[in-house]
Amino acid sequence: MFGTGLIGFWEHFNFVLGCAMLCGIMPLVGPVVFAAMVWEAVDRGFDGGFVDTGKELTGLLLGKVAPWFNRVTHNFNMQFVKKAEDAYMMNCIFCGAVVLPCMFAFCWHHTQKYGFSLSLCFAYHLLRIGPYFMNFAYIYTLCHKEGHTFTGLYAKEYNNSMFTRNVFNWWIGLFFGVMPASFAFGHSINHHRYNNGPLDCITTSDKPRDSIVNFCAYIPRWTWYSLNITTTIQFWKEGNTKVAQKMVLGSLYFWTWYGAFHYMNPLFAFAYLQFPFWENVLLLAAVNWSWHAFNNPKDPEDEYVGSITILEGCINVLNEDSHVVHHQYPGAHWTDHPRLTDKHWDAYAEHQATIFRKTHAFEIFGLVVGRQYDKLAEKFVDLKGQRAGKEMTHDEKVKLIKERVRACWWGPRKPADLVLQGKEVGNLMDGKAVDGTYGKLAGAHKDVVATKDSKVASSLNDGEGLTTKLTESKKAA
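Residues numbered from 1 in each chain as written. Predicted model: local features only at pLDDT ≥ 70, side-chain atom pairs only at ≥ 80, totals over all residues. Heavy atoms only, no water.

A. Expanded view of the overall build of the protein chain. For the protein chain, the count of helices and strands is 22 helices and 2 strands. Taking the intrachain contacts of the protein chain between residues at least 6 apart in sequence as the baseline, contacts between residues at least 24 apart amount to 70%. Roughly 20,800 Å² of accessible area belongs to the protein chain as shown, and the carbon and sulfur atoms make up 63% of that amount. (Helix = DSSP H or I, 4+ residues; strand = E, 2+ residues; numbered from the N terminus. Contact = heavy atoms within 4.5 Å. Areas by Shrake-Rupley, 256 points an atom, 1.4 Å probe, with all protein chains shown as cover.)

B. How the structure looks around helix α5 (residues 134-148). Between its first and last C-alpha atoms α5 spans 21 Å; for 15 residues at 1.5 Å apiece the expected length is 21 Å, and the two agree. With 13 of 15 residues buried, α5 is to be regarded as a mostly interior element. (Expected span 1.5 Å × (residues − 1). Buried < 20%, exposed > 50% of the residue type's maximum accessible area, 1.4 Å probe, protein only.)

C. How the structure looks around a nonpolar patch on the surface. A contiguous nonpolar surface patch, about 540 Å² in accessible area, is contributed by Leu60, Leu61, Val65, Trp68, Phe69 and Val72. Note on placement: valine 65 falls in helix α2 (residues 60-77). The exposure class assigned to valine 65 is partly exposed, which follows from its relative accessible area of 36%. (Patch = residues over 30% accessible without salt bridge, like charges linked within 9 Å, V, L, I, M, F, W, Y side chains within 5 Å. Salt bridge = Lys/Arg side-chain N within 4 Å of Asp/Glu carboxyl O.)

D. Focus on the packing of helix α10 (residues 229-237) against helix α11 (residues 241-264). Where α10 meets α11, the axes come as close as 8 Å, and the angle between the chain directions of the two elements is 160°. Judged by the angle between their axes, α10 and α11 are roughly antiparallel. Taken as a pair, α10 and α11 cross one another with a handedness that is left-handed. Each of Thr231, Thr232, Phe235 and Trp236 in α10 lies in contact with α11, whose residues at this interface are Thr241, Val243, Ala244, Gln245, Met247 and Val248. Per-class residue counts for the contact of α10 with α11 are 6 nonpolar, 4 polar and no charged. (Axes fitted to C-alpha atoms, helices over the stretch in contact; angles between N-to-C directions. Parallel < 35°, antiparallel > 145°, perpendicular 65-115°, else oblique. Left-handed = near helix turned anticlockwise from the far one by under 90°. Nonpolar A, V, L, I, M, F, W, Y, C, P; charged D, E, K, R; others polar.)

E. Spotlight on α2. The sharpest bend along α2 reaches about 30° and sits at arginine 71. Within α2, the full set of buried residues consists of Leu62, Thr73 and Asn77. (Bend = angle between axes of the 7 residues up to and from the residue.)

F. Focus on the packing of aromatic side chains. Applying the stated criterion across every chain, the model contains 41 aromatic pairs. With a centroid separation of 5.3 Å and an interplanar angle of 65°, the aromatic rings of phenylalanine 104 and phenylalanine 268 are classed as edge-to-face. Pair noted here: phenylalanine 104 is in helix α3 (residues 88-114) and phenylalanine 268 is in helix α12 (residues 266-291), with a separation of 164 residues, a long-range link. A relative accessible area of 4% places phenylalanine 104 in the buried class. In this structure an aromatic cluster arises from ring pairing among Phe104, Trp108, Tyr124, Trp171, Phe175, Trp257, Phe261, Phe268 and Tyr272. One cation-aromatic arrangement involves arginine 128 over phenylalanine 176; the distance from NZ or CZ to the ring centre is 5.1 Å. (Phe/Tyr/Trp six-rings, centres within 6.5 Å; stacked < 30°, edge-to-face > 60°. Lys NZ or Arg CZ within 6 Å of the ring centre and 35° of its normal.)

G. Up close: a negative patch on the surface. Taken together, Asp374, Glu378, Asp395 and Glu396 make up a surface patch of like negative charges. Mapped by element, the contributors of at least two residues to the negative patch are α18 (373-379) and α20 (394-406). Relative to the elements of secondary structure, glutamate 396 occurs in helix α20. For glutamate 396, a relative accessible area of 41% corresponds to the partly exposed category. (Lys, Arg positive; Asp, Glu negative; His and termini not counted. Charge placed at Lys NZ, Arg CZ, Asp CG, Glu CD.)

H. Region of the structure containing the packing of α2 against α3. Close contact between α2 and α3 brings their axes to 8 Å; oriented N to C, the two are set at 100°. Classed by the angle they form, the pair α2 and α3 counts as roughly perpendicular. Only Tyr88, Met90 and Asn91 of α3 make contact with α2, whose side of the interface consists of Phe69, Asn70, Thr73 and Asn77. Classifying every residue of the contact of α2 with α3 gives 3 nonpolar, 4 polar and no charged.

I. Representation of the confidence of the model for the protein chain within the structure. Chain-level statistics for the protein chain give a pLDDT mean of 86 and a share of 87% at 70 or above. The lowest-confidence element of the protein chain is helix α21 (residues 454-458), averaging 28 in pLDDT; the highest-confidence one is helix α4 (residues 118-129), averaging 98. The low-confidence segment residues 427-477, where pLDDT is below 50, has 105 contacts with residues more than four positions distant or belonging to other chains. (pLDDT = per-residue confidence, 0-100.)

J. Summary view of the nonpolar core. By size, the foremost hydrophobic cluster in this structure holds 81 residues, and its most contacted members are Met89, Phe104, Tyr154, Phe168, Phe176, Phe215 and Tyr272. Sorting elements by how many residues they give to this core places α12 first, with 14 residues. Aside from chain neighbours lying at most four places away, what touches phenylalanine 215 is Ala285, Ala286, Trp289, Phe365 and Val369. Counting residues in hydrophobic clusters, the runner-up holds 19 residues, among them Val287, Ile308, Phe356 and Ile364. (Core = buried A, V, L, I, M, F, W, Y, C linked by side-chain atoms within 4.5 Å.)

K. Representation of the environment of glutamine 352 in the model. Secondary-structure assignment places glutamine 352 in the loop between α16 (345-350) and β2 (355-357). You can call glutamine 352 buried: its relative accessible area is 10%. Measuring from C-alpha to C-alpha, the distance between glutamine 352 and valine 305 comes to 7.3 Å, with 47 residues separating the pair along the chain. Ignoring anything within four residues of it in the chain, the contact list for glutamine 352 reads Val305, Phe380, Val381, Asp382, Leu383, Lys384, Gly385, Met392, Leu400 and Arg404. A distance of 2.7 Å separates polar atoms of two side chains, one belonging to glutamine 352 and the other to aspartate 382. (Polar contact = N/O pair within 3.5 Å; in protein donor to acceptor, adjacent residues only side chain to side chain.)

L. Structural detail: the pattern of salt bridges. Per the stated rule, a full pass over the model turns up 14 salt bridges. The salt bridge involving glutamate 238 is made with arginine 193; its shortest N-O contact spans 3.3 Å. With glutamate 238 in the loop between α10 and α11 and arginine 193 in helix α8 (residues 182-194), this pair connects stretches of sequence that are 45 residues apart. On the basis of relative accessibility, which here comes to 15%, the residue arginine 193 falls in the buried class. Linking lysine 399 and glutamate 403 is a salt bridge whose minimum nitrogen-to-oxygen distance equals 2.7 Å. Note that lysine 399 and glutamate 403 are positioned in helix α20 at a spacing of 4 residues, about one turn of the helix.

Right, dumping it as structure tokens:
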């Protein structure tokens, strides 16, 4: 029987602290997030209902106007980027680097002249995160992509600009509570070095994930990471002083920005600059809890189980739903994710990968902490069973899901007889890209072997198409 109770002083302490944090966060962030969800539902005329509809982002604004605007600006925007598929990014930059700061400046002027307005602040944040917080999702995803990109995303004449290479993390991100350097160094080097193991500063694998109590105890861990505290300490411990210094610089940059406004108007600084940080804590902690909610009890280092994959996801921002691929090839361009999923599709079946269909990360989070195992089982894709011609029963899926959300590979719940294969000591490549990747996880831990696969780097037609395999999977289902 897997226990889900808290163990020891620190887990209880972090639970109490996490509850206190949530009590402060939820009354502030909750109404804005809820309003953003209502906005999206209104946009599609509540087609399919409010939540769990499978029709998210299909309304007038998100399903028609936004794609239309990206299409009509595509040819003009192509001149600024390396890949034509990234042309949309220039619209994100214009909105985030120009329009949003203008909105911020207007709110500052209004507050200084007429005093603080709660309704104006609410409207600002709602517009900032967008319907179903899609603005938030794209900005954070682009901060994420920018942090992983060593060669830049822009055309040659713009790619060496310090502004364009850092615009999301060091400018736009300031309005979304992003601590500069957290993605570029804290995330890309620490999280992708240790891959949810004990030295990963945002690891989820020491507690069962099907527990709202455990998630509350996780909130402080995510907070210290978001503040660049635990990652900076970890880099110093490892002797990686150059990266630690960059983390400190990023923190000083943010707090100088925040401190200037706090000096002039503390309430404005809290409401407009600190609020987005706590928004980040709540939403991104839930997302990471979802991405890494499952472990293979017999081999918790199993990358195909330890990160989820979502097929036909209704909110698949830049192919982030292919999270296994992201951990295998963190530096890969988002357009390559389907091909790289296809490349390893046989391994997905062999490992009985954690795959779901027609869902999204926030729904997975809610179903996991809410212990909605039946609903998770309905969405679970038994790829291994489909290939063998004998799929798991519903009850067998529920049993597998329970085992995976409760399996731990370090901490007080680690099985005494568990033998690890070396990945708990970390990826020795330490975030250094090889041919645009950090190296395949299976060969990048104890023995560092350079990954040189020209087909992975350049071919767009490597093997049978993923679309064909998904079709086969549907037929088998």
